[in-house]
Amino acid sequence: MKKTLVIGACGQIGTELVLALREKFGMEAVVAADLKSEPNEALSNGPYVQMNILEKESVRSYIIDNQITDVYLLAALLSATAEKNPDFAWKLNMEGLFTILDLAKEGHLKKIFWPSSIAVFGPTTPVDNTPQYTVMEPSTVYGISKQAGERWCEYYFNKYNVDVRSIRYPGLISYTSLPGGGTTDYAVDIFYHAKKSGKYTSFLSKDSALPMMFMEDAIRATIELMEAPVENVKIRSSYNLAGISFTPEQLSDEIKKNQAFEMSYEPDFRQAIADSWPNSIDDSAAQKDWGWKQKFDLSSMVKIMLDEVDVSMMA
Ligand code: NAD
Ligand code: SER
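Residues numbered from 1 in each chain as written. Chains lettered and ligands numbered in written order. Predicted model: local features only at pLDDT ≥ 70, side-chain atom pairs only at ≥ 80, totals over all residues. Heavy atoms only, no water.

Moving on, we get to the site of ligand 2. If you check the shell around ligand 2, you find Leu-78, Ser-79, Ser-117, Tyr-142, Gly-171, Gly-182, Thr-183, Thr-184 and Trp-277 and nothing else. Within the contact set of ligand 2, an oxygen atom lies 2.6 Å away from a side-chain nitrogen or oxygen of Ser-79. The side chain of Tyr-142 places a nitrogen or oxygen atom 2.7 Å from an oxygen atom of ligand 2. Computed on the free molecule, ligand 2 has an accessible area of 230 Å², of which 93% lies beneath the protein chains in the complex. Tallied by class, residues from the shell around ligand 2 come to three nonpolar, six polar and no charged. (Near = heavy atom within 4 Å. Polar contact = N/O pair within 3.5 Å; in protein donor to acceptor, adjacent residues only side chain to side chain. Areas by Shrake-Rupley, 256 points an atom, 1.4 Å probe, with all protein chains shown as cover. Nonpolar A, V, L, I, M, F, W, Y, C, P; charged D, E, K, R; others polar.)

Before going further, it helps to examine the site of ligand 1. In the neighbourhood of ligand 1, 26 residues make up the surrounding shell, with Gln-12, Asp-34, Asn-52, Tyr-142 and Lys-146 lying closest. Within the contact set of ligand 1, a nitrogen atom lies 3.5 Å away from a backbone nitrogen or oxygen of Met-51. One of the side-chain N or O atoms of Lys-146 is found 2.8 Å from an oxygen atom in ligand 1. A total of 830 Å² of accessible area belongs to ligand 1 in isolation, and the protein chains cover 92% of it. At the level of secondary structure, the elements contributing two or more residues to the shell around ligand 1 comprise helix H1 (12-25), strand E6 (116-117), helix H5 (141-160) and strand E9 (171-173). Each residue belonging to the shell around ligand 1 can be placed in one class, and the counts come to 15 nonpolar, eight polar and three charged. (Helix = DSSP H or I, 4+ residues; strand = E, 2+ residues; numbered from the N terminus.)

Spatial strand order, E3-E2-E1-E4-E5-E7: six strands in an open sheet with parallel pairing. Pairing within the sheet leaves two strands with one partner each, and these edge strands are strand E3 (48-50) and strand E7 (164-165). Looking at chain direction, strand E4 (residues 70-73) and strand E5 (residues 111-113) are connected through three bridges and run parallel. Counted as the bridge partner of Tyr-72 is Phe-113 from E5. (Pairing = 2+ DSSP bridges.)

Written as structure tokens, this is what we have:
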């Protein structure tokens, strides 16, 4: 029997992933876990456990005692937050991964999903249509942790046959929960401010192109990769996903097609992080290996976000 545990379930991805997995596999088959003592309201339709991924022995006991088969490990510090606390970011982003990889190596888990990021690329990577295999010299602690994680995932697959699968998510755009401290967060914040005041000050410059993706596509990609036949998953580091590439100015122009809106720009420390990442991504390997096809473009994503964001959620 498949029994899934999503660790870091209360975050931007986890909230929507748990709901999608429960819809597909049943409420009781998907346990949400997070550091938080209580789940988000959205997750109260199924089992929830408070869990600290850094408490290795209690994580191991929970997974073994509850006969968990599949883990989605989402707990991490994102790029901007990680730069403020590099030591802890390295600890959180790496130790949890080893705990889960080792459980699978010992035969306690069947499948693992661990997310990587466009942050694995760096200033020496070709910026346009960045290939699956290319120069990777990340310059942030977050990117270094994701690149190291990719190497360890591939190592555990090659050496111990651990079925670990991964996607290099672009910046994710969603309205169910707020983003958690990334460089791409401006592309979510902007919708709350557009709806509330019709104005936004971007912390990235107007011409900073980055790959982004609407959450519904990201969740579908994650589940499609996890459900793909094992022989189709040929990359065990992490798959590129292209998403939609745009600049803050292009996003602002698209919002202006729907409502009155004013944009200004005050780049901060996150500009240097954005400058080290690709403008656009080549995801032909994901298309070829497991049939990936993106659905949302800039215009459809903007319309949904303007309709759906709830300004009462603003921090
Ligand atoms: P988030 O910050 O929104 O959520 C992370 C969740 O993990 C939070 O609910 C937090 O409470 C929980 N958490 C933190 N420390 C924990 C601990 N010690 N034990 C258990 N739970 C803990 O992050 P997200 O945006 O949902 O990202 C999830 C994963 O996807 C991360 O690995 C991130 O690097 C990756 N990713 C995200 C994006 C994006 O744009 N959101 C893009 C690329 C990759
Ligand atoms: N959206 C993430 C960040 O900005 C990319 O991994 O940190």
